[in-house]
Amino acid sequence: MFSSVLFCIYWYSFFFYIAHYGREFYIGILSNYREPTDLLLSVTSTSNGSIYLEVPYLNISSNESISQGSNPIYLNTSLHEVGEYSDTRGVYIYSDVDVAVYVTNFLSSSTDTYLALPLEMLGTHYIVMSYTPQDDNFDKSEFLVLGAHDDTIVTVKYLNGSTIEVRLDRLDVFQDADFMDLSGTTVSATKPVSVIAGATCTGVNGRFCDMVATELLPHQHLGTNYIIPSAFHSK
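Residues numbered from 1 in each chain as written. Predicted model: local features only at pLDDT ≥ 70, side-chain atom pairs only at ≥ 80, totals over all residues. Heavy atoms only, no water.

(A) Expanded view of the overall build of the chain. When helices and strands are tallied, the chain shows 1 helix and 15 strands. Sequence-distant contacts, at least 24 apart, represent 75% of the contacts inside the chain between residues at least 6 apart. (Helix = DSSP H or I, 4+ residues; strand = E, 2+ residues; numbered from the N terminus. Contact = heavy atoms within 4.5 Å.)

(B) Inspection of the confidence of the model for the chain at higher detail. The pLDDT averaged across the chain works out to 88; a share of 88% of its residues lies at or above 70. Ignoring residues within four places in sequence, the model shows residues 1–16, a span with pLDDT below 50, making 0 contacts including any to other chains. (pLDDT = per-residue confidence, 0-100.)

(C) Structural detail: the environment of Thr190. By secondary structure assignment, the location of Thr190 is in strand β14 (residues 186–202). As a C-alpha pair, Thr190 and Thr124 span 66 residues in sequence and 6.5 Å in three-dimensional space. Those residues in contact with Thr190 that lie beyond four places of it in its chain are Thr124, Asp151, Thr152 and Ile153. Within the structure, Thr190 has its side chain in polar contact with the backbone nitrogen of Ile153 (distance 3.0 Å). (Polar contact = N/O pair within 3.5 Å; in protein donor to acceptor, adjacent residues only side chain to side chain.)

(D) Geometry of unusual backbone geometry. One non-glycine residue, Asp151, lies in the positive phi region at around 55°. Of note, the phi angle at Leu171 is positive, near 70°, even though the residue is not glycine. Looking at the secondary structure, you find Leu171 in the loop between β12 (163–168) and β13 (173–178). Judged by its relative accessible area of 1%, Leu171 is buried. (Buried < 20%, exposed > 50% of the residue type's maximum accessible area, 1.4 Å probe, protein only.)

(E) View of the nonpolar core. Residues Ile27, Leu41, Leu75, Ile93, Val101, Phe143 and Val187 are the most contacted members of the largest nonpolar core, which totals 52 residues. A total of 7 residues in this core trace back to one element, the largest contributor, which is strand β7 (residues 91–106). Non-local contacts of Val101, meaning those with residues more than four positions away in its chain, are made with Phe25, Ile27, Ser42, Val43, Ile93, Tyr114, Leu115 and Ala116. (Core = buried A, V, L, I, M, F, W, Y, C linked by side-chain atoms within 4.5 Å.)

(F) Spotlight on the pattern of salt bridges. What the rule picks out here adds up to 7 salt bridges. With a shortest N-O distance of 3.1 Å, Glu84 and Lys140 are connected by a salt bridge. Of this pair, Glu84 sits in the loop between β5 (69–75) and β6 (85–87) while Lys140 sits in the loop between β9 (123–127) and β10 (141–147), and the two are 56 residues apart along the sequence. Between Arg89 and Asp87 there is a salt bridge, with its nearest N and O atoms 3.2 Å apart. Judged by its relative accessible area of 8%, Arg89 is buried. Accessibility expressed as a relative area gives 29% for Asp87, which makes it partly exposed. Taken together, the shared-partner salt bridges in this structure form one network comprising Glu81, Asp87 and Arg89. (Salt bridge = Lys/Arg side-chain N within 4 Å of Asp/Glu carboxyl O.)

Spelled out as structure tokens, the structure:
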């Protein structure tokens with residue numbers, strides 16, 4: 001019995017490691033309710049190495065050394081855009097050692113961090129998981145699709161039955177936002193894409209709100225058994 005438990009822990013730890021450590025990352029900046037104070041990439045490594053950083057919108061194409069531990073990279077906040085748009089605003093990181101990347105969108109009154117997934121974890125079919133905005137006259141539910149390859153056709157189907165089609169090249173971004181919760185919207189693409197979803201500001205447990213953002217797992221990495229912990233005042 002003990003050996004079986006150790007085996008399960010080993011494989012869970014192994015999958016968790018390979019799920020978020022990698023060498024290539026395509027990163028999108030989901031919108032806060034207004035331009036943030038800081039946009040921070042935290043590149044975390046277990047060893048020294050170097051990375052290549054590419055951000056066409058900011059005219060960045062550079063090689064940088066990283067050390068063991070967390071390596072902060074601050075991006076110009078002009079990369080951030082509120083509302084619906086399509087533009088070349090993606091971020092690409094290539095590393096010569098395995099790294100994890102955390103993306104922080106910081107405002108003094110509205111901040112969140114999401115874990116970026118490496119290229120090999122991306123897919124072509126997603127279901128948007130968002131949240132109800134705090135103020136449905138101002139805040140918005142949202143999602144962002146980022147192209148990892150040229151000539152990618154993305155089909156978005158909303159719960160009301162309407163469908164749109166968008167063409168993305170590498171590092172192109174499509175962001176959509178609405179006063180209504182966009183959860184349940186499906187995103188399908190002809191090539192792997194990254195999808196980040198959340199809300200510009202929402203109060204999950206109280207009257208004060210923060211932005212929420214998470215990079216979604218594609219269909220092929222979803223499962224059938226889950227452990228759901230209690231949260232706040234749930235029973």
